[in-house]
Amino acid sequence: MKTWAEIRKRAEKRKGGAAGLQKLLPEVLSPRQLKKLGDDRYLSMMTRVINQSGFSWKVIDRKWPEFEEAYLGFDPFKLSLLSPEQWEAFTSDRRVVRNWQRIKAVQDNVFFVRETAREHGSFGKFIADWPSNDQVGLLAHLKKHGSRLGGNSGMYFLRFIGKDGFV
């Protein structure tokens, strides 16, 4: 088995040195930066990874401004005020993926984000304060309490939001 140092050296050689390899790595936010992100950005990223799962990422990327508009900028408070009929209306809204399971996941995650923020001060504080040596525990929490955030979706959510971890 290769050591981490050997693997890293090989990767650096293939990617143009240490600087080239560093450019390929995702940006990791500090706990302070994670705390500054609004709950709307966490809900937005949850929704994005859920909708990218099993779908063309390019299609979701192109439609993303329309998702933001349709889902009221992912403001958890505003979304929590929608009636069941308003949530159901998203199944015919061309701005989003019109799949009830994915729409229902947004609805469920609105309440997950709001409840977590209520308990911890903000969703960002919850993510930032989770111990970095317990990513598996955080992934298990997302899977248990969030909607459709198990498996790769949970890992991609954390990676894309800026929380350091494996994928």
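Going by the structure above, here's the rest.
Now for a quick tour of the structure.

At Leu72, a residue that is not glycine, the phi angle is positive and equals roughly 55 degrees. Secondary-structure assignment places Leu72 in the loop between α5 (57-70) and α6 (76-80). Within the chain, Arg148 stands out as a residue other than glycine whose phi angle is a positive 60 degrees. Looking at the element boundaries, Arg148 is found in the loop between α10 (135-145) and α11 (151-161). The exposure class assigned to Arg148 is partly exposed, which follows from its relative accessible area of 40%.

Packing of helix α1 (residues 4-14) against helix α2 (residues 17-24) brings their axes to within 7 Å, and their N-to-C directions diverge by 95 degrees. Between α1 and α2, the crossing angle belongs to the class labelled roughly perpendicular. Between α1, through Arg8, Ala11 and Glu12, and α2, the contact on the second element is made entirely by Gly17, Ala18, Leu21 and Gln22.

Summed over all chains, the structure comprises 15 aromatic pairs. Here the aromatic residues Tyr42, Phe112, Phe123, Phe126, Trp130 and Phe157 are joined through ring pairs into a cluster of three or more.

Turning our eyes to something else, we now look at a positive patch on the surface. Residues Lys2, Lys9, Arg10, Lys13, Arg14 and Lys15 make up a contiguous surface patch of positive charge. On the secondary structure map, Lys13 appears in helix α1. The exposure class assigned to Lys13 is exposed, which follows from its relative accessible area of 77%.

For the rest of this paragraph, the subject is the pattern of salt bridges. Under the definition given, this model contains 10 salt bridges. Arg41 is paired through a salt bridge with Glu68; the nearest N and O atoms lie 2.9 Å apart. With Arg41 in helix α4 (residues 39-52) and Glu68 in helix α5, the pair connects residues that are 27 residues apart, well separated along the chain. The closest approach of N and O atoms between Glu69 and Arg95, which form a salt bridge, is 3.7 Å. In this pair, Glu69 is assigned in helix α5 and Arg95 in the loop between α7 (84-89) and α8 (100-120), connecting sequence segments 26 residues apart.

With 39 residues, the main nonpolar core has Tyr71, Trp87, Phe123, Ile127 and Phe157 as its most contacted residues. Contributing elements (two or more residues each) for this core: α4, α5, α8, α9 (123-129), α10 and α11. The contacts of Trp87, once residues within four sequence positions are left out, are Tyr71, Leu79, Leu82, Trp100, Ile103, Val106, Gln107 and Val110.

Conventions and cut-offs
Residues numbered from 1 in each chain as written. Predicted model: local features only at pLDDT ≥ 70, side-chain atom pairs only at ≥ 80, totals over all residues. Heavy atoms only, no water. Helix = DSSP H or I, 4+ residues; strand = E, 2+ residues; numbered from the N terminus. Buried < 20%, exposed > 50% of the residue type's maximum accessible area, 1.4 Å probe, protein only. Axes fitted to C-alpha atoms, helices over the stretch in contact; angles between N-to-C directions. Parallel < 35°, antiparallel > 145°, perpendicular 65-115°, else oblique. Contact = heavy atoms within 4.5 Å. Phe/Tyr/Trp six-rings, centres within 6.5 Å; stacked < 30°, edge-to-face > 60°. Patch = residues over 30% accessible without salt bridge, like charges linked within 9 Å, V, L, I, M, F, W, Y side chains within 5 Å. Areas by Shrake-Rupley, 256 points an atom, 1.4 Å probe, with all protein chains shown as cover. Salt bridge = Lys/Arg side-chain N within 4 Å of Asp/Glu carboxyl O. Lys, Arg positive; Asp, Glu negative; His and termini not counted. Charge placed at Lys NZ, Arg CZ, Asp CG, Glu CD. Core = buried A, V, L, I, M, F, W, Y, C linked by side-chain atoms within 4.5 Å.

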